[in-house]
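Reading the structure
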Amino acid sequence: MSDAAARGAALEALAVEIEACRACPLGSSRTRSVPGEGSPTAEIVFVGEGPGATEDVEGRPFVGAAGRLLGGLLALIGLRRDDVYILNVVKCHPPANRDPEPEEVAACAPFLRRQMEILDPLIVAPLGRHALHSFAPAAKISAAHGSVVSPAAGAPIPTDATLLPLYHPAAALHNGSLRPTLERDVAALARALDPARARRAAARGAGGAATLSQMQEPPEQHQLRLFEGENP
Ligand code: SF4
């Protein structure tokens, strides 16, 4: 089985688990779960906050107006949706488009981590402040957008991946002045690819492409090591 086929099969198996999940209240109120979609071997993974109303009906991420804008931004750097992977922090639609509660984000976090383990992305691009919070809680999207940011200890990202947040496309739909900023930041994302590839090659050596992803330590293990007095 090819690498892409193996990862695709793992993602499909995970999507079955997500569809059956009722670990938080969103599982009972949503219409369809939205596990994510795209290339299983994508170098770039975009992470939104949670599915909206259209996504809830279709079971696919970023299919409304914000998704169309994201597609237009990708075209600016010569990419299509099929070239990247798009997912959300929570996989079920929060009613009335409210922000997910911290408990809901926490309940869904194991799925996000397992997706990142399977996808092993080169660049993780959180879209908006809520998604950024899952990777770098102390960072402010107003300062961090379009720049490489250090992930927090225990963030669900491979240790040699690059974190580069963008504003959420929906923000540019509400505030048109953000659109040129988003276009500049997507260009910055494209420019970050070669340095990110070099960083990974340096971390994994010549056989890097075949090396299993090494994730940041999950928070509970990190906390335990701190408790035991070990270096984090
Ligand atoms: Fe499960 Fe996540 Fe859906 Fe909550 S949002 S029910 S944790 S899949």
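First things first, this report covers the structure right here in the doc. (Residues numbered from 1 in each chain as written. Predicted model: local features only at pLDDT ≥ 70, side-chain atom pairs only at ≥ 80, totals over all residues. Heavy atoms only, no water.)

So, the nonpolar core
Short version of the rule: Here, nonpolar core refers to any group of buried Ala, Val, Leu, Ile, Met, Phe, Trp, Tyr and Cys residues whose side-chain atoms link them within 4.5 Å. Only protein chains enter the accessibility calculation, which uses a 1.4 Å probe; a residue whose area is less than 20% of its type maximum is buried, one above 50% is exposed, and one in between is partly exposed. Secondary structure counts use DSSP, requiring at least four H or I residues in a row for a helix and at least two E residues in a row for a strand, with both numbered from the N terminus. Contacts are assigned to residue pairs that have any heavy atoms within 4.5 Å of one another.
In terms of nonpolar packing, the biggest core is built from 57 residues, with Phe 46, Val 47, Met 116, Ile 123, Phe 135, Leu 166 and Leu 189 touching the most fellow members. For this core, the element with the most residues is helix α9 (residues 178-204), which contributes seven residues. The contact partners of Leu 166, leaving out residues within four places of it in the chain, are Phe 46, Pro 126, Leu 127, Gly 128, Ile 141, His 145, Gly 146, Leu 182, Asp 185, Val 186 and Leu 189.

Some details on the environment of Ile 86
Examined against the element boundaries, Ile 86 turns out to sit in strand β3 (residues 85-88). A relative accessible area of 1% means that Ile 86 is categorised as buried. In this structure, the C-alpha to C-alpha distance between Ile 86 and Glu 37, residues 49 residues apart in sequence, is 5.6 Å. Ile 86 has contacts with Gly 36, Glu 37, Phe 46, Pro 61, Phe 62, Leu 70 and Arg 81, leaving out every residue within four places of it along the chain.

Focus on α9
What counts is decided by this rule: Expected helix span is computed as 1.5 Å times (number of residues minus one). Two axes are fitted around each residue, one to the seven residues ending there and one to the seven starting there, and the angle between them is reported as the bend at that residue.
For α9, with 27 residues, the first-to-last C-alpha span of 37 Å sits near the 39 Å given by 1.5 Å per residue. Within α9, the axis deviates most sharply at Leu 193, by approximately 35°, and proline Pro 195 lies no more than four positions further along. All of the buried residues along α9 are Leu 178, Thr 181, Leu 182, Asp 185, Val 186, Ala 188, Leu 189, Ala 192, Leu 193, Ala 196, Arg 200 and Arg 204.

Notes on the site of the ligand
Our working definition: Here, proximity means that at least one heavy atom of the residue falls within 4 Å of the molecule or strand. Amino acid classes used here: Ala, Val, Leu, Ile, Met, Phe, Trp, Tyr, Cys and Pro are nonpolar; Asp, Glu, Lys and Arg are charged; the rest, including Gly, are polar.
The ligand sits among Ile 18, Cys 21, Ala 23, Cys 24, Gly 27, Lys 91, Cys 92, Ala 107, Cys 108 and Phe 111. With three residues, helix α5 (residues 102-119) is the largest single contributor of residues to the shell around the ligand. Among the residues forming the shell around the ligand, the class breakdown is eight nonpolar, one polar and one charged.

Honestly, it's all geometry; don't read function into it.
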